[in-house]
Amino acid sequence: MRLAGVATLAVAGLLLSACSSDTESVTEATTAAESSTEESATESAATDECAYENLTTINPGMLTIGTDTPAYPPYFSDDDPTNGEGFESAVAYAVASQLGFAATDVKWEVVPFNTSYAPGNKNFDFDINQISITPERSEVVDFSDGYYTVNQAVVAFNDSPLAGATTISELKDAKLGAQVGTTSLDFVTEVVVPTQEPYVFNDTNDAKSALQNGTIDGIVVDLPTAYYVTAAEFDDSKIVGQFQATASGEEFGLLFQKGNPLVTCVNNALTTLKDSGELQEIQDAWLAGATAPYFTE
Amino acid sequence: MNTPAPGTDTVYIDPLRRERVRKKARSDALIGVASLVGFVAVVVLLVGRSSGWETVQKTFFNGDQFAESFPGLLEAFWLNVRIFLIAEPLILIIGLLVALARTVKSPIFLPIRVLATMYVDIFRGVPTILIIFLLGFGMPALQLTGVPSDAIFWGTAALVLSYGAYVAEVFRAGIGSVHPSQTMAARSLGLSSFQTNRFVVLPQAVRNVTPPLLNDFISLQKDTALVAVLGPIEVLRRAQIDTSANFNYTPYVGAALIFIALTIPMTRFADWIQVRSARKKRAGGVA
């Protein structure tokens, strides 16, 4: 009987040594593969690493872009990122074209915001989903340069007591809602510091429903969304005001896997688009009219 | 097992056999421990040596992130506890009433039986999160005077209605598990129908279904997190907020630990209740 125990131990030991040697050989193989890719990367750097034929993408020959669904206006149109309509869809296609990809070579993946920063390999080259660049986030993923400077705004119905607010202190006693994971929510908790706990929703649609129901008095969203909500969705609502940007300002960036060399090339593309005025044109086309008075203290 | 069966004082066991049994138990324990240690070592090695482990450790088990988010998580968890404490008694009451309504035999109560059946069919058939969405966004939208628009109120109401249907079925199964002879005996002793239910059927029924009831309680504890879709910040939402601020999943692990810390004692309690009731039954006691 006791023999059986010893045997188990021996078997377990064998198993252990077997798998450890296995993993070692796997690690060796990966290191070898890595060093070879590094070599080729340095080689191509000597030439033009951002030339179309030298770009390494997830799906060869294709540019794979991620965004969440539903994709909301004015960033996207009809929940369809492939139509080139809406600010972010237009920016994505402009970047793709700068990199040398035809519109037909752009592939879209549905990437929920929460999975966009999951560890492990990504199924997109970059993700465009109104993601604000912050230092904490930059430790986990790589961001491109900003493609839009965004301010946060408060939306309320005209008959709400909140509608006449011009100062931040007038917002303090209101029930405010925002989407989870957004900097809009940070503005509620850090700038407004309301007396009642804010309401946090899965997406903007739920926040809007709660606003319509009267469960909450106002929602905090980015200014373009606020503009779209008041102009196209709720007739009797208004943008109460927008917040002064934080000291560093807030910018949307394209999200990349940490260490993806494509960032440099996309940044070049963005710089070209900014310099040529094309980015501004896209912005004027889709986000015009997104203005509101600033809140004072 | 601990107490000898009534009527038997001591049982003679062959000392040789007793020694063999003791030896077998000891070697069984040894094999068990060795196999467990081996298994854990294999898992740790496999996971620890995978190339992505370092990233996973940094994103899921980050000490700094944990320390930063945990107090906020605990604070938010208080909302889950409150929802649970309010919902649970209401669920027990609704469940019991509906179960009784479904078991009444008199033809005059047919409407009640039909209503109770419809309630169970509908609320057990629709996913809980849908009921929360429908009540939480739908009821305030009606703008009826006197109907609250509070999100926590409707979230809790939805949980009560959903779990009430499950618990009703558990109670009904319990009532069905009491042998008809018990009712017949009670009635022949002169107890009224109400008394029979109150003093004979229900006590046995409840004791029979205590483990599955506790199981539903544990499930409810976790489902309080669903109320978050209506806006209130409970522990899972708090974790999600922290997670998306830093792109680090550690707060989720923190939230999981908090739930486990509450459900494990409940599970052990359920186990204990089950063992105790089994023992009582073997002893031949009733109620």
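Preceding this paragraph is the structure being described.
Residues numbered from 1 in each chain as written. Chains lettered and ligands numbered in written order. Predicted model: local features only at pLDDT ≥ 70, side-chain atom pairs only at ≥ 80, totals over all residues.

(A) Helix H9 (residues 235-246) of chain B, seen in detail. Between its first and last C-alpha atoms H9(B) spans 17 Å; for 12 residues at 1.5 Å apiece the expected length is 16 Å, and the two agree. A large share of H9(B) lies buried, amounting to 11 of its 12 residues. Every buried residue of H9(B) is listed here: Val235(B), Leu236(B), Arg237(B), Arg238(B), Ala239(B), Gln240(B), Ile241(B), Asp242(B), Thr243(B), Ser244(B) and Asn246(B). In this structure, the buried residues of H9(B) make contact with helix H3 (113-116), helix H4 (135-138), helix H5 (183-192) and strand S7 (199-201) of chain A together with helix H3 (63-103) and helix H10 (250-282) of chain B. Phe247(B) sits one or two residues past H9(B) and shows a positive phi near 55 degrees. (Helix = DSSP H or I, 4+ residues; strand = E, 2+ residues; numbered from the N terminus. Expected span 1.5 Å × (residues − 1). Buried ≥ 20, exposed ≤ 12 C-beta atoms within 10 Å, placed from the backbone. Contact = placed C-beta atoms within 7 Å.)

(B) Representation of the pairing of strand S1 (residues 63-67) of chain A in the model. Residue and element names in this part refer to chain A. Counting buried residues in S1 gives 4 out of 5 residues, a clear majority hidden from the surface. Pairing between S1 and strand S2 (residues 106-110): 5 bridges, direction parallel. Across the sheet, residue Ile-65 finds its bridge partner in S2, namely Trp-108. At this point the chain moves from S1, through helix H2 (residues 87-99), to the parallel S2, and the crossover so formed is right-handed. Sheet topology places S1 next to strand S3 (residues 126-127); 2 bridges connect them, and they run parallel. Within the sheet, the bridge partner assigned to Ile-65 lies in S3 and is Phe-126. (Pairing = 2+ DSSP bridges. Right-handed = clockwise from strand over helix to strand, strands pointing away.)

(C) The arrangement of the sheet that holds S7(A) in detail. Residues and elements named next belong to chain A. Ordered in space as S7-S6-S8-S5-S9, the 5 strands form an open sheet in which the pairing is mixed. Edge positions in the open sheet fall to S7 and strand S9 (237-242), since each of these has one partner strand only. The sheet shows a mean angle of 30 degrees between the axes of neighbouring strands, taken without regard to direction. Pairing of strand S5 (residues 152-157) with S9, which is carried by 5 bridges, proceeds in the antiparallel orientation. Bridged to Val-155 within S9 is Ile-239. Along the sheet face, H5 touches S5, strand S6 (176-179), S7 and strand S8 (218-222) and points at about 145 degrees away from the line of S6. Helix H6 (residues 204-213) contacts S6, S7 and S8 of the sheet and is inclined by roughly 165 degrees relative to S6. (Axes fitted to C-alpha atoms, helices over the stretch in contact; angles between N-to-C directions.)

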